[in-house]
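The lines below spell out each chain.
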Amino acid sequence: MMQPTGYPPNQGPPAGQGSGYGGYPNMPQSTGYNQPPGVPSASASMYNGSGNVTYAQPGVLQTTKQMPPATSGTMPTQQPPPSAMNGYHYQPQYQPPMGQYPPSHTGYGQHVSTAPLGGHPPPSHYSAAPAAPTQPPQQGYGAPPPVSAGGGGYRPNYSAPPPPTSGQAGHPVPGGPPGTAGYNQSPGPQQPSMQPPVQGMQNMQINNNASASYAAPPPSGLPASSMSGITPGYPPKPGAGPGMQPSPYPNPNAAAPTKRLDPDAMPSPIQVIEDDRMNRGTEIFKTQGRGLVPPLVTTKFVVEDQGSASPRFIRCTTYNLPATSDMAKTCMVPMSLSIKPMARLPQGEAPPLIVDPGAEGPIRCKRCKAYMCPQFSFTDGGRRFQCVLCNAITETPHNYFDHLDHMNQRVDKFNRPELCRGSYEFVATKDYCRNDKFPNPPAFIFAIDVSYNAIKSGFVELLCRQLSSLLDHLPREGNQEHSSVKVGFITYNSILHFYNLNSSLAQPQMMVVSDVNDVFVPLQDGFLVDLQQSRHVIESLLTQIPEMFKDTRETELVFAPLVQAAVQAVKSAECAGKLFMFHTSLPIGEAPGKLKNRDDRKLIGTDKEKTLFAPSSNFYEKLAKDCVTQALSVDLFLFPNQYIDIASIGQISQLTGGQIYKYNFFRADIDGDRFIKDLAHDIQRDIVFDAVLRARTSTGVRPVEFIGALHMTNTTDVELAAIDCDKSIHVQLKHDDKIQEEYGAFVQVALLYTSVSGQRRLRLHNINLSVCTQYADLYRSCETDVFMNYLAKKSVNLGCQIATAKIREDLLSQASVILAMYRKHVASPSSPGQLILPECMKLLPVYLNCLLKNDAIHSSHDISTDDRAYLRQLILSMDVDETQLFFYPKLLPLLQSTTNDDGIPLAVRCSEDKLQDNQVFILENGVSMFLWIGQAVDPTWIQNVFGAQSAAQIDIDLGSLLVFDNDDSRNLREVVSKLQAGRTRQMKLTIVRQRDKLEPWFRHFLVEDRGAGGAASYVDFLCHMHKEIRTLLS
């Protein structure tokens, strides 16, 4: 099972906290069932009248939602190929006994009183009415915590309310104050509830607006059918259920019942995304002005570049920077930028224009070397210009001079992209090239593993059959008829095989290098060739490779010598390049870079866990630096059946700007199509080589940290062997002086690179930010999605140096301080029991909880070490859009008529409460995709889509959807195709039947629910954050 979210196993909590998550006590498991991963436990979060968050731990309840036995046997510990998950491999530790499932937690309803609280107007907050004093706790639970003024404390037992009358949502609590709402619960016995040691949270409310908060609660007396999560009935006395043992604990009468917080009353990502789409999806976002906050990354909108960079290229955690370092330290909102310099623009938006400045090169500031941009101001009739970064005055070159109009603007402003656009490019001169020499076009080298495992898996035969057609789509400039990229091929196992593909040959020639300790390239002319000229030789080679190695028995592999050979090849050709490496197993061959299995699962959840994700040595780091020096990027396509040490070999991709693709237990019939589509995207996408990125800032701030798939030899220049249109880099800024509010802040990002045609260019992105002295202005301009992207990358980057528990603790602490400072400095005075969230950051708790539960940083025995290392590599290069989806997956109900403009069903909250037995759902997070099929789905739909009579007869090992000529089949395939088209990698479609053996893994991605091993639900985590905020403010 997954470990508790708060602390790893065998490690206690910090002093002063409870033994469970963040001060919540661990709940005893009810006897009679084992809880599968991803299924919320029976201990649902409850809310009593006094405002305290409590846990009610019932026994094995009888509810109206009966759970039939599992439809298949136990899940094997060694996952077979058909059940391998996309991206990572599920390794469950147990299988729930047949027919024993945890009770449904949907039997608790909530009704919120409309009575004013504390003399305030009708609240916009999500509140609960006060309760009468509670009973003292049962002996054995420990001493009670300090009781707040509201009378909060332990609630030792659960007391059932009177039975409701028909049509009522709940009943007033006997003895409670007027307007106190009761609740309903399904019949069944119960055990005593356990109260977490938390201060009483009186009238806990959530304010979603910075200035006002009006979200009126539903009026009392609504029919039960209109209230979410209410089940008619009430529980009998303890022990009254059939087959249940009487509770050994007394059940004194309680003055007020516990009440469960309604998750639907919490801030919803789905609602925020939909509201932003409706309000800003139709507008044209013009970048003219300072500190403009763009629409969310989930909203489709059109950008018009009017002097500042498009949010496609640069997004900020806040577009209104704090004026002083003290202000920044107080609020702890990071000043950081998510930069995607080569982002692909949608249709309708003009790409950055290319400017040829001539032999003298681009115009620059004489002091800070910033490049000409729209924010530079011209003086003295245009003879001089002032830098916006350092305020230095520079003479205008004679050949660049032009007159000024009555507004002191150059008359040729709109004829020069560098004077009117936020993003543009300059053609670089020899001064910007290596050795003052223009570069050659880059090369693609394909290195194919031909060991026994590779041949047996079938990927070699599939690759050689498809690669010839994929090479027709090598990247090229828009005005080129054919690509300038050269190609070369290597096969390898314990030795290396090079191929002469000279166009004068009728057949390729193989050259073998067996001395892998001192590797070299045996030929120069004929290894890297022009595709058009050597087409016939390349096709002959691809035909022969599967035949040449079909009878191989070689199982040992080398890795590092192959990379060393590729470095020598591009060095000899004096060009940049990319190495596509197709690899199957741990490199145990006697050669440099030899690795051994170090996957010690006993370290998971301990302070030494971080060593599992640190490289075994610095050998591969040094090799990656050699690759960067020669501008060789490495993409890894991995096909492992066992441990392969991604933490070590993955450095080759991470530091060179490459990418890792992983296919566990590869089978050509199931995974082949996904693999080929991934490879096609990787070959065809826009990419540049031998790049250097530098961020320049105006006075008062400076860049201090760069996070992503990159390498740095100094503190200012980011060296990238290659960077493609999908890669993102995060830059953190810090104060070095006070910033003048009237001048704002300015950032210029310069990317020097070699294009696929071999031309040296310089791409500029400029962004103008506001500066504030008031906290309200800062919080009003924050973007939570960018903040979460920063936190995720920061956490992964520290994962090899700091224990996971410490990282999680720091994340929670920073978020709590941010929200507490908003409450202290911005929000109007209100009851301490209110949880007030800034409008732009009201989704911070739910997203942070998703990050804390994510497999990349959450200690778990259910996920292999390689899979977690793989996820960490992915996060480092993800942009804001990808991390938003990765941490909060989309849950799409298919059998409904409501769709968005693209014909995709509208998403619902990512919770089990939204699942319906007669519905079909797609869940996708950019890495994995699930198709969940309820047991009561219309058999006609199943027949039309799968050709089966019932859900039980569906073949769940399908690698892709079957094609049938009917509307149901076409609609499903169209939705899946549209979802796949919007992602940077192909997601494996896993079919999950309700209550099938894979359903716990599917529920693992329902991030608003409580996770396996005690991971907090959204509601629980929100309550815990409220406690942390109150502690900070007390």
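Because the structure is predicted, anything quoted here is derived from the model rather than measured.

Colleague: How would you explain the sheet that holds strand E27 (residues 729-735) if you had to name every residue and give the values?
Modeller: Reading across from one edge, E7-E9-E27-E24 is the order of the four strands in this open sheet, with antiparallel pairing throughout. Each end of this open sheet is capped by a strand with a single partner; those strands are strand E7 (314-316) and strand E24 (701-707). Taking the axes of each pair of neighbouring strands and ignoring which way they run, one obtains an average angle of 25° across the sheet. Pairing of E24 with E27 involves six bridges; the strand directions are antiparallel. Bridge assignment links arginine 702 to a residue of E27, and that residue is lysine 734.

Colleague: Outline the sheet that holds strand E34 (residues 988-993), supporting the account with residue identities and numerical values.
Modeller: Overall, mixed pairing links the four strands, which are arranged E31-E32-E33-E34 in an open sheet. Edge strands, defined here as strands with exactly one partner in the open sheet, are strand E31 (890-893) and E34. Each strand axis lies, on average, 20° off the axis of its neighbour in the sheet, ignoring direction. Pairing of strand E33 (residues 928-933) with E34 involves six bridges; the strand directions are parallel.

Colleague: Which residues make up the confidence of the model for the chain, and what values do they have?
Modeller: Across the chain, the average pLDDT comes to 80, with 75% of residues at or above 70. Throughout residues 1-258 the model reports pLDDT below 50, and contacts reaching past four residues in sequence, or to other chains, amount to 610 contacts.

Colleague: Describe the pairing of strand E26 (residues 718-724), and please don't skip the residues or the numbers.
Modeller: The element E26 is extensively covered by neighbouring structure, given that six of its seven residues are classed as buried. When strand E23 (residues 687-697) meets E26, the two strands line up antiparallel, connected through six bridges. Following the sheet pairing, phenylalanine 689 is matched in E26 by alanine 722.

Colleague: Explain unusual backbone geometry residue by residue, including any values.
Modeller: Even without a glycine there, the phi angle at aspartate 380 is positive, about 55°. Locating aspartate 380 in the fold gives a position in the loop between strand E11 (377-379) and strand E12 (384-386). Overall, the relative accessible area of 39% leaves aspartate 380 in the partly exposed class. Its identity is not glycine, yet aspartate 690 carries a phi of approximately 50°, on the positive side. As for its placement among the helices and strands, aspartate 690 is situated in strand E23. Judged by relative accessible area, which is 13%, aspartate 690 ranks as buried.

Colleague: Please set out the side chain of glutamate 924 residue by residue, giving values where relevant.
Modeller: Of note, glutamate 924 is situated in strand E32 (residues 920-924). Among the polar contacts made by the side chain of glutamate 924, one reaches the side chain of arginine 983 at a distance of 2.8 Å. For glutamate 924, the contacting residues outside a window of four places in its chain are Leu885, Pro889, Lys890, Met929, Leu979, Arg983 and Met987.

Colleague: Describe the packing of aromatic side chains, and please don't skip the residues or the numbers.
Modeller: Counted according to the given criterion, the structure contains 32 aromatic pairs. Note on tyrosine 779 and tyrosine 822: the rings are 5.2 Å apart at their centroids and 70° apart in plane angle, and the pair reads as edge-to-face. Placement of the pair is tyrosine 779 in helix H12 (residues 775-780) and tyrosine 822 in helix H14 (residues 804-825), with a sequence separation of 43 residues. Judged on exposure class, the residue tyrosine 779 and its partner tyrosine 822 are both buried. Here the aromatic rings of tyrosine 847 and tyrosine 888 are separated by 6.2 Å at their centres, their planes lie at 65°, and the arrangement is edge-to-face. Of this pair, tyrosine 847 sits in helix H15 (residues 844-853) while tyrosine 888 is found in the loop between helix H17 (880-887) and E31, placing the two residues 41 residues apart along the sequence. With relative accessibility at 2%, the residue tyrosine 888 sits in the buried group. Site record: aromatic cluster; members linked through ring pairs are Phe459, Phe582, Phe637, Phe639, Tyr661, Tyr663, Phe666 and Phe675. Note that arginine 312 overlies the ring of phenylalanine 301, its terminal NZ or CZ placed 4.5 Å from the centroid. One residue, lysine 578, lies across the ring of phenylalanine 580, its end atom 5.8 Å from the ring centre.

What counts and what doesn't
Residues numbered from 1 in each chain as written. Predicted model: local features only at pLDDT ≥ 70, side-chain atom pairs only at ≥ 80, totals over all residues. Heavy atoms only, no water. Pairing = 2+ DSSP bridges. Helix = DSSP H or I, 4+ residues; strand = E, 2+ residues; numbered from the N terminus. Axes fitted to C-alpha atoms, helices over the stretch in contact; angles between N-to-C directions. pLDDT = per-residue confidence, 0-100. Contact = heavy atoms within 4.5 Å. Buried < 20%, exposed > 50% of the residue type's maximum accessible area, 1.4 Å probe, protein only. Polar contact = N/O pair within 3.5 Å; in protein donor to acceptor, adjacent residues only side chain to side chain. Phe/Tyr/Trp six-rings, centres within 6.5 Å; stacked < 30°, edge-to-face > 60°. Lys NZ or Arg CZ within 6 Å of the ring centre and 35° of its normal.

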